[in-house]
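So you can see what is in the structure, the chains are spelled out below.
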Amino acid sequence: MADAPAIDRLVEIMATLRDPVRGCPWDLEQTFATIAPYTIEEAYEVAAAIDEGDLGHLKEELGDLLLQVVYHARMAEEIGAFDFADVAETISEKMVRRHPHVFAGAEARSAAEQTRAWETIKAGERAGRAATPASLMDDVAANLPALTRALKLSRRAASVGFVWANIGEVMDKLREEVAELEAEIAAGDTVMAGEELGDVLFVCANIARSLGTDPEQALRGANAKFIRRFSFIEARLAEAGESPATSDLARMEVLWLDAKSAERVKSRGEG
């Protein structure tokens, strides 16, 4: 198991890499802005390792993500803002504050009740930080993946009652937005069609919220499914000495249905 000395070693390694005299030239050139894309990339690689179910790979990717935290903390320490210990203490205090049912003897909560309480506590924290009243949406990060941000925005709005009464109403809204998208496509207005497509996707994020589903995870699953089925098509065509480029849509649609059937058989344990 990792312990404090292991964390201390990593912090020391980063300090050495950023040392003006004996450090690494590349590391010395980096800033918060230049490292931020790597931080985002490493978070996605953690998610990918989880999807793969590969715990060895997950351990490695979590280390890469931890390095990003240490990197940013080191740069902040260099300008006298905060250090890694401050980061760890801040998140520790936040976790205790947001779990009073665990650390402060408050009434026990179900998972659903804790989710609601978490948002309430966060709202109080935002109010405490702001000198003047701010928008409920102000701290929903603008550079989140669009579907994730849409989910967070809809959750934030739902927390104050700005929400459809039930998922049936959300589905009605989806059909309405799809009809508006179809109308713009029929009119040949690609700019407005793009706008309406955005509305469709935003409603889909609301459906995900209603279902308690992560839309990014759902779309990653759909992407993986598409790759599996298209690979099936490629393999079957290759057996016949063909490829997608030399085949036609009708043939590939038949194979697509075969791929779906094969997946259903496998999921039922019949294969």
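Shown above is the structure to which this text applies.
Residues numbered from 1 in each chain as written. Predicted model: local features only at pLDDT ≥ 70, side-chain atom pairs only at ≥ 80, totals over all residues. Heavy atoms only, no water.

*Asks:* Explain the overall build of the protein here, please?
*Replies:* When its secondary structure is counted, the protein shows 12 helices and 0 strands. Dimensions of the protein, computed from C-alpha atoms along their principal axes, come out at roughly 65 × 50 × 45 Å. Expressed as a percentage of contacts within the protein between residues at least 6 apart in sequence, the contacts between residues at least 24 apart total 48%. Of the roughly 17600 Å² of accessible surface on the protein, a fraction of 60% belongs to carbon and sulfur atoms. (Helix = DSSP H or I, 4+ residues; strand = E, 2+ residues; numbered from the N terminus. Contact = heavy atoms within 4.5 Å. Areas by Shrake-Rupley, 256 points an atom, 1.4 Å probe, with all protein chains shown as cover.)

*Asks:* Please explain the packing of aromatic side chains as it appears in this structure.
*Replies:* Each aromatic ring pair is characterised by the separation of its centres together with the angle its planes make. Within the structure shown, the criterion is met by 3 aromatic pairs. Aromatic side chains W26 and Y38 sit 6.0 Å apart centroid to centroid with 75 degrees between the ring planes, which places their arrangement in the edge-to-face category. Taken together, the residues W26 in helix α2 (residues 25-29) and Y38 in helix α3 (residues 32-52) connect sequence positions 12 residues apart. Through pairs of rings, three or more aromatic residues link up here, namely F226, F230 and W256. Over the ring of F232 we find R236; its NZ or CZ atom is 4.3 Å from the centre of that ring. (Phe/Tyr/Trp six-rings, centres within 6.5 Å; stacked < 30°, edge-to-face > 60°. Lys NZ or Arg CZ within 6 Å of the ring centre and 35° of its normal.)

*Asks:* Mind showing me how you'd approach the environment of A179 here?
*Replies:* Note on placement: A179 falls in helix α9 (residues 167-187). Assessed through its relative accessible area of 39%, A179 is described here as partly exposed. The sequence separation of A179 and I13 amounts to 166 residues, and the corresponding C-alpha distance is 57 Å. (Buried < 20%, exposed > 50% of the residue type's maximum accessible area, 1.4 Å probe, protein only.)

*Asks:* Would you take a moment to explain the nonpolar core for this structure?
*Replies:* Nonpolar side chains in soluble globular proteins tend to be buried together. Listed in full, the 8 residues of the largest apolar core are L10, M14, I35, V70, Y71, A73, M75 and F84. Secondary structure elements with two or more residues in this core: α1 (4-17) and α4 (55-78). Examining the composition of this core, we find that 4 residues originate from one element, α4, more than from any other. The residues contacting I35, other than those within four sequence positions of it, are W26, Q30, Q68, Y71, H72 and M75. Ranked by size, the runner-up nonpolar core spans 7 residues in total, among them L181, A193, V200 and I207. (Core = buried A, V, L, I, M, F, W, Y, C linked by side-chain atoms within 4.5 Å.)

*Asks:* How do you make sense of the pattern of salt bridges when you look at a structure like this?
*Replies:* Pairing between side chains becomes possible if they bear opposite charge and their charged atoms approach one another. Going through the model one piece at a time under the given rule, you end up with 10 salt bridges. With its nearest N and O atoms 3.4 Å apart, the salt bridge here joins E177 to K173. Of the two residues, E177 and K173 both sit in helix α9, 4 residues apart, roughly one turn of that helix. Connected through shared salt-bridge partners, R18, R74, E77 and E78 make up one network. (Salt bridge = Lys/Arg side-chain N within 4 Å of Asp/Glu carboxyl O.)

*Asks:* Hey, could you run me through a nonpolar patch on the surface in this one?
*Replies:* Together, V96, V102 and F103 give the surface a local cluster of nonpolar side chains, amounting to about 290 Å² of exposed area. Tracing the chain through its elements places V96 in helix α5 (residues 84-97). (Patch = residues over 30% accessible without salt bridge, like charges linked within 9 Å, V, L, I, M, F, W, Y side chains within 5 Å.)

*Asks:* I keep staring at the side chain of S154 and nothing clicks. Help me out?
*Replies:* Note that S154 resides in helix α8 (residues 146-158). Exposure remark for S154: the relative accessible area of 5% places this residue in the buried category. With sequence-adjacent residues up to four places away left out, S154 is seen in contact with A205, N206 and R209.

*Asks:* It is not clear to me how the side chain of Q68 should be interpreted in this structure. Could you clarify?
*Replies:* Mapped onto the secondary structure, Q68 falls in helix α4. In this structure Q68 comes out as buried when scored by relative accessible area, which is 7%. Every residue in contact with Q68, bar those within four places of it in the chain, is listed here: I35, Y38, T39 and E42.

*Asks:* Just checking my understanding: could you explain the environment of N206 for this structure?
*Replies:* Mapping N206 onto the fold places it in helix α10 (residues 190-211). Given a relative accessible area of 5%, N206 falls into the buried group. With 157 residues separating them along the chain, N206 and A49 place their C-alpha atoms 27 Å apart. Aside from chain neighbours lying at most four places away, what touches N206 is S154, W164 and V170.

That is the geometry; function is a separate question.
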